[in-house]
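Residue strings, one per chain:
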Amino acid sequence: MRIPKARGELSEALAAALHEGTPTAALTAVPATDDADRHLSLWTLYELSYRGFDDVDDELEWQPELLALRRTLERRFEAELREWFSPPELGGPFADALFELIGNDDGASVATFVQREATLDQTLELLRYRTIYHLKEADPTAWVVPRLTTGPKAALMELQYDEYGCGDPNRLHSHLFVRGLDAAGLRSDYGAYVDDVPVEVLMQNNAMTLFGLHRRLRGAALGHLAAFEATSSLPSRRMAQGLGRLGLPAEMIAYYQEHIEADAVHEQLAVRTICGALVHEEPAQAAEVAFGALTCLGLEDRFARRMLADWGAAA
Ligand SMILES: [Fe+2]
Ligand SMILES: [Fe+2]
């Protein structure tokens, strides 16, 4: 992947610094033009810790000036997330309370729209935007594994093992999506569509990486995972039906069909066995788990509202 196209002053300065390999402290003082500029900059910095860029020296992943900029951007983003998605106190058995919190979500749904009325162009647009996460599916959560104690670690690995194909490269969820994209005539190379995605997609991906990269935020990372898995099975069924209605290839439908079954299991695993075990071992993490869950639901709602508004559909 190449450095993405700049969206403002900060991402422009960052791209130049990455390209030349000489970031300085002055970078932190460059004002972001807007949210898209700010989130693209953070996304770009985060990618140095995933697959990097063809035109950037791998050494820069741990360059102190870039880490200082990343920290500045992260602080503001985390403060915003905590303001937007402040959870209520959960009472009673934790897993039941977490299921209830997630079940009370009435956010907008792109899957319902795809199932019933989206056009082929709208659906292909959605699939292009989904590549930013699905091509690194489960990766942001993998950062969390070494930070957990025995119970939640074993449970998380059970779920991750499944996401990563149980040892079979052809069953890796990100690879199932690659096969779907190829069959649908879309690009399947990592990050291919980052220049096209709306800021809401960058925010969703940045939240997952923020939670994954900071040990302090392990509870939020697992709460995010729980909400993601618990709101995936039914929408995946709707997506599969919508893709079938539009005549999209079987490989693309297969990705969603896999998630109807898998995520019905994963939601129990994530909510009860992973988050339940975490809170049992670390009770102080309960509020953080709830915060992570609300962040997942809230950012998906923002994305869905944006898409439905762009498509002239009612939320
Ligand atoms: Fe998956
Ligand atoms: Fe899953």
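What counts, and at which threshold
Residues numbered from 1 in each chain as written. Chains lettered and ligands numbered in written order. Predicted model: local features only at pLDDT ≥ 70, side-chain atom pairs only at ≥ 80, totals over all residues. Heavy atoms only, no water. Donors = N, O, S within 2.8 Å, 3.2 Å for Na, K, Ca; no water. Tetrahedral: all angles 85-135°; square planar, octahedral: opposite > 155°, others 65-115°. Salt bridge = Lys/Arg side-chain N within 4 Å of Asp/Glu carboxyl O. Helix = DSSP H or I, 4+ residues; strand = E, 2+ residues; numbered from the N terminus. Buried < 20%, exposed > 50% of the residue type's maximum accessible area, 1.4 Å probe, protein only.

The name given to the protein in an unreviewed UniProt entry is Iron-containing redox enzyme family protein, with the source organism recorded as Jiangella aurantiaca.

Colleague: What's the story with the coordination of the iron ion (ligand 1) in this structure? I'm lost.
Modeller: Angles between donor atoms at a metal ideally measure 109.5 degrees for a four-coordinate tetrahedral arrangement and either 90 or 180 degrees for a six-coordinate octahedral one. Taken together, the protein ligands of the iron ion (ligand 1) are Glu-137 (OE), Glu-163 (OE), His-173 (ND1) and His-259 (NE2), with distances of 2.0 to 2.2 Å. The site at the iron ion (ligand 1) holds four donor atoms, and with the angles between them running 81 to 169 degrees, its shape is irregular. For the iron ion (ligand 1), all donor residues lie on one chain, and their spacing in sequence is E-x25-E-x9-H-x85-H. Here the iron ion (ligand 1) and the iron ion (ligand 2) are spaced 3.8 Å apart, and both take Glu-163 as a donor.

Colleague: Sorry if this is basic, but what is going on with the pattern of salt bridges here?
Modeller: Oppositely charged side chains can form a pair if their charged atoms are brought close together. Within the structure shown, the criterion is met by 17 salt bridges. The salt bridge partner of Lys-136 is Glu-47, with a shortest N-O separation of 2.8 Å. Residue Lys-136 is located in the loop between helix 6 (120-134) and helix 7 (139-142), and its partner Glu-47 is located in helix 2 (residues 35-47); the two are separated by 89 residues in the primary sequence. Lys-136 gets classed as buried once you look at its relative accessible area, which sits at 2%. In this structure Glu-47 comes out as buried when scored by relative accessible area, which is 0%.

Colleague: Please explain the coordination of the iron ion (ligand 2) as it appears in this structure.
Modeller: In the first shell of the iron ion (ligand 2), the protein supplies Glu-163 (OE), Glu-229 (OE), Glu-229 (OE), Asp-263 (OD) and His-266 (ND1), at 2.1 to 2.7 Å from the metal. Written as a sequence motif, the donor residues of the iron ion (ligand 2) are E-x65-E-x33-D-x2-H.

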